[in-house]
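Report on the structure
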Amino acid sequence: MHDPTAPPLPGARTETKDTTCYMCACRCGIRVHLRDGEVRYIEGNPDHPLNQGVICAKGSSGIMKQYSPARLLKPLRRKPGTERGANQYEEISWDEAFGTLEERLRHLRATDPKKFALFTGRDQMQALTGLFARQFGTPNYAAHGGFCSVNMAAGMIYTIGGSFWEFGGPDLERSKLFIMIGTAEDHHSNPMKMQLAKFKRNGGRFIAVNPVRTGYAAIADEWVPIKPGTDGALLLAIIHEIIALGLYDRDFIARYTNAGQLVNQDSASADFGLMLRNTEGDIRNPLRPHNFFWWDRLSQQAVAEHTEGADPALLGHFQLPDGTPAVPAFQLLEERVKAYTPEWAADITGIPAATIRRLAHEMGVTARDQRIELPIAWTDCWGKTHDSVTGNPVSFHAMRGLAAHSNGFHTIRSLAILMSLLGTIDRPGGFRHKAPYPRAVPPNARPPKGPEAVQPNTPLNGAPLGWVESPQDLFVDAAGEPVRIDKGFSWEYPLSAHGLMHNVITNAWRGDPYRIDTLLIFMANMAWNSTMNTSEVRQMLNDKDESGEYKIPFLVVCDAFQSEMTAFADLILPDTTYLERHDCMSMLDRPISEFDGPVDSVRIPVLPPTGECKPFQDVLVELASRLKFPAFTHADGSRKFRDYPDFVIHYETAPGSGIGFLTGWRGKGGEKSMRGEPNPRQWEMYAQNNCVHHLVLPPSLQYMRNWNQGYMDWAQQAGLRRDRDPVVIHLYSEFLQRFRLAAQGKQPGRQPPDRLRQRVDTFFDPLPFYYAPLESQAVDTRAFPLNAVTQRPMAMYHSWDSQNAWLRQIHTHNHLMVNTRTALAAGIADGAWMWVESPWGKVRCLCQHTEAVEPGTVWTWNAIGKASGAWSLDGDANESRKGFLLNHLIKEELPTAGGGSVSNSDPITGQAAWYDVRVRIRPADPGEPGETWPRFDTMQPVPGMQPAPKQRGWWAGRMTRGDKA
């Protein structure tokens, strides 16, 4: 056995290379140790700002991902005459693969670009994939967020101009009280663990609100179990208490939110529910005028907001000189939450009313009585100079547990409003933004506005994904019907900022709103865990029309590994691993910024591509060049960029803008940051600096950035913001009210189809409200009394890692976790086989008793269960024999009263509601097979894959097969 402490072998060549991990989306800095060109060890980079040397089980196990026998190593084409799903492929060259794609895509782009759809999973380069779709001219592009947490992004960005995770988070260094709600243990993993450890050592109090007590919640000072999908009721009840007790930060919300802005209360007016405009007020930004009214408590009259010396009334009913009745927005919020008492919420959430009152009191009193003051002078956007920065040290963190429900948007709006009432936005000890946020509410990018945007051989006239501000921004035709295959940005899902990845296969199969020709899927296991009701979706991929052609004629899958999805592909493109390619975590996309300033990072290859793998980025650049997209070619048609690294160096958002994918070492000699001319040595300079560029802002620009004039000036100059006006918090959303007015027929312009008027009128409420998840409204909850949820384990990430030889030793299969009392009441023993049934399907699985889940909820780890033979696992591996997939129980569509169906999604954003499923449980019958159900035919290896070893070990740096190194 090799002794790791022994000197290197004689003649061995050892080296260490820095890059960025991709074993989850945390993106920690790593140092990869190699011997003779082989990965020997991966450690955290102590000089990296994100993880500071800390590494988790996933990160250190990247070595086994690199040498996984599930690697796809050659381009493959489905054998003529074979069926999808049969996994019968033949090797082809990259020239053939590119030729096939070029011919097909060139024809579609020249005839009907929308017949090409590009949907990507957990990629980190949406700025590139989105650019490719826009240049192609297809509206049919979406990314992972619609299936993951678009409600989190949209709910917060439409309220405070920023969101959790990449774009903001809790300041645990100064916080005194931390509430984590709806967060599993995989999100922001290493930084969160580091921050929580320090927070608790410093005496902070940690409260976890979650149906399940695992991961972070296991170390909480208090666990508050809650029924899934009821978080909005809890938050509204807490807001009720905060307002009733007067524990909100009045000074903060009066100056920095729209709480004091006067709202038109003339129900006969076409502007009912909109903010009253002051024609003589401050326009500042013509695209978003700030000419609102306050009711000045001192002079008892309507004045321009932020009039020097005025103090806005937050409560009361008033009348303008022209007779228009008006109220401050805060008055409407106070009226909205009046009925949302702790007693009301207790019946819904399962949390005692006394606990809700205590939590609200603790939040309010901590924020009020433990205020922080930092001696940092700054000037706000209205010209007032402040001698210090103050903060209310209550912080929150939330993620998919709040988002993945059909009521998630209003739930997250409620959370953002609670944070604002406590005065915690971008202040010490509370929520703090990370560049490029805060941005305007909503950000300026708009999707195209109609079918005329889709023209042959022409880029779209807007980004395929964007932020809708009014009905005029919807991507619909003259009849109000959707232009996109997923129906994003339509009256069905108007604020679908990330698209609806989970709807594309079903809609394309049905031909609703039309048929497509080619679907390109990147890094998304949509025939397994990245879909809802897996069995039906697999059938759709194989279904044919009357002519015998597949209903989705051509399916291209790009991935690094053989998966359940690759078996359905007509063309497989083998991607590289993260250790074999260039990547950038860009300010144009999803950077790794810190509270103190912008941070972006890169991946640098530490190994050459294995086999014939190509980075998907290079594939896109090659295709874009061959298809002569304007952004990728010169006027004479010649290509601009040699490959993806060359593209990253030389691409600019506009000619001469100096803004590109990376912010560091710009300028001809690398002397500039944020913006500057392309630097041919940019990648080299990142490699010399831990693959990171970190710009620390002066302290005066690090806080109150929504309203900090110095920050706004800098952000505009740096290209992070188009404008420099304040980003006022929207406790009351005028944008939502505009949709409601259209649904009510009160405003001219675009109108929803009649079948959708009531839906839009109901859900587009300018103030958050609670409603039961749509699935709970559609099914008999007495027959299906339990909520079922999944979460990712800390040691695994999506499908990728349950084929990892080291991580499999932690989780080789999953159980359904059931509260002991619930399981015993159903007659199910600990460790016994059981059935879990929803209205849409059933699964046989193993039961595990636990006290760490509330009695009305069952849960399991996501994506550990595998189809037999997938991911190069043995056909009878535990993952397929004992592991199971809860997605078989989840329906992507719900029945409607009229006999039709509607996407099982949030009606505002289109967020997949895969945490809403209702189930019942029963023991398996004696004599039933001791294995999971449903089962599928065993997948066989495809050409080019290395044979899977019967035994897997790590022997002196080499994969072993049996007893042979």
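All figures in this text were calculated on a predicted structure; none of them were measured in a lab.

1. Topic: the overall build of the protein
Scanning the protein from terminus to terminus reveals 25 helices and 38 strands. For 965 residues, the compact-globule estimate of 2.2 N^0.38 gives 30 Å, and the protein sits close to it at 27 Å. Taking the principal axes of the C-alpha coordinates as reference, the protein spans close to 90 × 70 × 65 Å. The buried share of the protein, taken over its 965 residues, is 66%. Taking the contacts inside the protein whose residues are at least 6 apart along the sequence as the reference set, 71% of them involve residues at least 24 apart. Per element, the accessible surface of the protein, about 32,000 Å² overall, is 50% carbon and sulfur.

2. Here's the deal with the side chain of Lys-891
Along the chain, Lys-891 falls in the loop between α25 (878–881) and β34 (893–895). In this structure Lys-891 touches Met-532, Asn-533, Glu-536, Trp-840 and Asn-904, once residues within four positions along its chain are discounted.

3. Considering the pairing of strand β27 (residues 599–603)
The buried fraction of β27 is high, at 5 of 5 residues. Residues Val-599, Ser-601 and Arg-603 line one face of β27 and the alternating positions Asp-600 and Val-602 line the opposite face, and both faces are buried. Inspection of the sheet shows strand β26 (residues 583–585) paired to β27 by 3 bridges, in the antiparallel sense. Of the residues in β27, the one forming a bridge with Cys-584 is Val-602. Taken together, the 3 bridges between β27 and strand β28 (residues 692–694) define a ladder with antiparallel strand orientation. Among the inter-strand pairings, Ser-601 is bridged to a residue of β28, identified as Val-692.

4. Looking at the pattern of salt bridges
According to the stated counting rule, one finds 69 salt bridges in the structure shown. Note that Glu-102 is salt-bridged to Arg-626, the shortest N-O span being 3.1 Å. Remark: Arg-626 occurs in helix α17 (residues 616–626) and Glu-102 occurs in helix α3 (residues 94–111); sequence separation between them is 524 residues. The class for Arg-626 is partly exposed, based on a relative accessible area of 22%.

5. Brief notes about the environment of Trp-94
Its location among the elements puts Trp-94 in helix α3. A sequence separation of 40 residues divides Trp-94 from Arg-134, and the C-alpha atoms of the two residues are 25 Å apart.

6. Re the packing of aromatic side chains
The relative placement of two aromatic rings is captured by the distance of their centres and the angle of their planes. Within this structure, the stated rule accounts for 39 aromatic pairs. Judged by centre distance (5.5 Å) and plane angle (65 degrees), the rings of Tyr-651 and Phe-661 are edge-to-face. In this pair, Tyr-651 is assigned in the loop between α18 (644–650) and α19 (682–687) and Phe-661 in the loop between α18 and α19, connecting sequence segments 10 residues apart. We note that Tyr-651, like Phe-661, is buried. Cluster of aromatic residues (ring-pair linked, three or more members): Phe-116, Phe-132, Phe-136, Phe-629, Phe-632, Phe-641, Tyr-644, Phe-647, Tyr-651 and Phe-661. Lying across the ring of Trp-94, Lys-614 places its NZ or CZ 5.7 Å from the centre. Directly above the aromatic system of Trp-933 lies the positively charged group of Lys-842, at a separation of 5.9 Å from the ring centroid.

7. Focus on the pairing of strand β9 (residues 177–181)
In terms of residue burial, β9 counts as a mostly covered element, since 5 of its 5 residues are buried. Here β9 runs beside strand β10 (residues 205–209); their pairing, made up of 5 bridges, is parallel. Among the inter-strand pairings, Ile-181 is bridged to a residue of β10, identified as Val-209. Of the strand pairs in this sheet, β9 and strand β21 (residues 394–398) are connected by 5 bridges, and their pairing is parallel. From the neighbouring strand, Phe-178 faces β21, where its bridge partner is Ser-395.

8. As for the packing of helix α21 (residues 734–743) against helix α22 (residues 754–763)
With their axes 8 Å apart at the nearest point, α21 and α22 run at an angle of 150 degrees to one another. As summarised for this structure, α21 and α22 are arranged roughly antiparallel, according to the angle between their axes. When you trace α21 past α22, the crossing you get is left-handed. In this structure, α21 contributes Phe-739, Arg-740, Ala-742 and Ala-743 to the contact, and α22 contributes Arg-757, Val-760, Asp-761 and Thr-762. Its residues assigned to classes, the contact of α21 with α22 comprises 4 nonpolar, 1 polar and 3 charged.

9. Describing helix α10 (residues 329–337)
Counting buried residues along α10, 7 of its 9 residues qualify, which places the element largely inside the surrounding structure. Among the residues of α10, Ala-329, Phe-330, Gln-331, Leu-332, Leu-333, Glu-334 and Val-337 are the ones counted as buried. In this fold, the buried residues of α10 make contact with α8 (231–244), α9 (250–256), β12 (262–264), β16 (325–328) and α14 (408–421).

10. Comments concerning the packing of helix α4 (residues 126–136) against α17
In the contact formed by α4 and α17, the axes pass within 11 Å of each other and the chain directions differ by 25 degrees. One element, α4, and the other, α17, form an angle in the roughly parallel class. The handedness of the crossing between α4 and α17 comes out as left-handed. Contact residues: α4 offers Leu-128, Thr-129 and Phe-132, while α17 offers Phe-616, Gln-617, Leu-620, Leu-623 and Ala-624.

11. As for the sheet that holds β27
With antiparallel pairing, 3 strands are arranged side by side in an open sheet as β26-β27-β28. At either margin of the open sheet sits one strand with a lone partner, and together these are β26 and β28. Adjacent strand axes in the sheet meet at a mean angle of 10 degrees, parallel and antiparallel pairs treated alike.

12. Overview of the nonpolar core
In this structure, Phe-396, Leu-421, Leu-519, Phe-632 and Phe-647 are the most contacted members of the largest nonpolar core, which totals 280 residues. If you tally residues by element for this core, the top one is α8, at 9 residues. Excluding residues that lie within four positions of it along the chain, Phe-632 makes contacts with Leu-128, Leu-131, Gln-135, Val-621, Ala-624, Ser-625, Ser-638, Arg-639, Lys-640, Phe-641 and Phe-647.

13. Observations regarding the state of the cysteines
Overall, the coordinates contain 0 disulfides when judged by the stated rule. Free of any disulfide, Cys-28 has its nearest neighbouring cysteine sulfur in Cys-26, separated by 3.9 Å. For Cys-28, a relative accessible area of 5% puts it in the buried group. With no disulfide of its own, Cys-584 has Cys-691 as its nearest cysteine by sulfur position, at a separation of 12 Å.

14. Concerning the confidence of the model for the protein
Mean pLDDT over the protein works out to 94, with 97% of the residues at or above the 70 mark. The low-confidence segment residues 954–965 (pLDDT under 50) makes 31 contacts with residues lying over four places distant or belonging to another chain.

Reading the values: rules and limits
- Residues numbered from 1 in each chain as written.
- Predicted model: local features only at pLDDT ≥ 70, side-chain atom pairs only at ≥ 80, totals over all residues.
- Heavy atoms only, no water.
- Helix = DSSP H or I, 4+ residues; strand = E, 2+ residues; numbered from the N terminus.
- Rg over C-alpha atoms; globule rule 2.2 N^0.38 Å.
- Buried < 20%, exposed > 50% of the residue type's maximum accessible area, 1.4 Å probe, protein only.
- Contact = heavy atoms within 4.5 Å.
- Areas by Shrake-Rupley, 256 points an atom, 1.4 Å probe, with all protein chains shown as cover.
- Pairing = 2+ DSSP bridges.
- Salt bridge = Lys/Arg side-chain N within 4 Å of Asp/Glu carboxyl O.
- Phe/Tyr/Trp six-rings, centres within 6.5 Å; stacked < 30°, edge-to-face > 60°.
- Lys NZ or Arg CZ within 6 Å of the ring centre and 35° of its normal.
- Axes fitted to C-alpha atoms, helices over the stretch in contact; angles between N-to-C directions.
- Parallel < 35°, antiparallel > 145°, perpendicular 65-115°, else oblique.
- Left-handed = near helix turned anticlockwise from the far one by under 90°.
- Nonpolar A, V, L, I, M, F, W, Y, C, P; charged D, E, K, R; others polar.
- Core = buried A, V, L, I, M, F, W, Y, C linked by side-chain atoms within 4.5 Å.
- Disulfide = S-S within 2.5 Å.
- pLDDT = per-residue confidence, 0-100.

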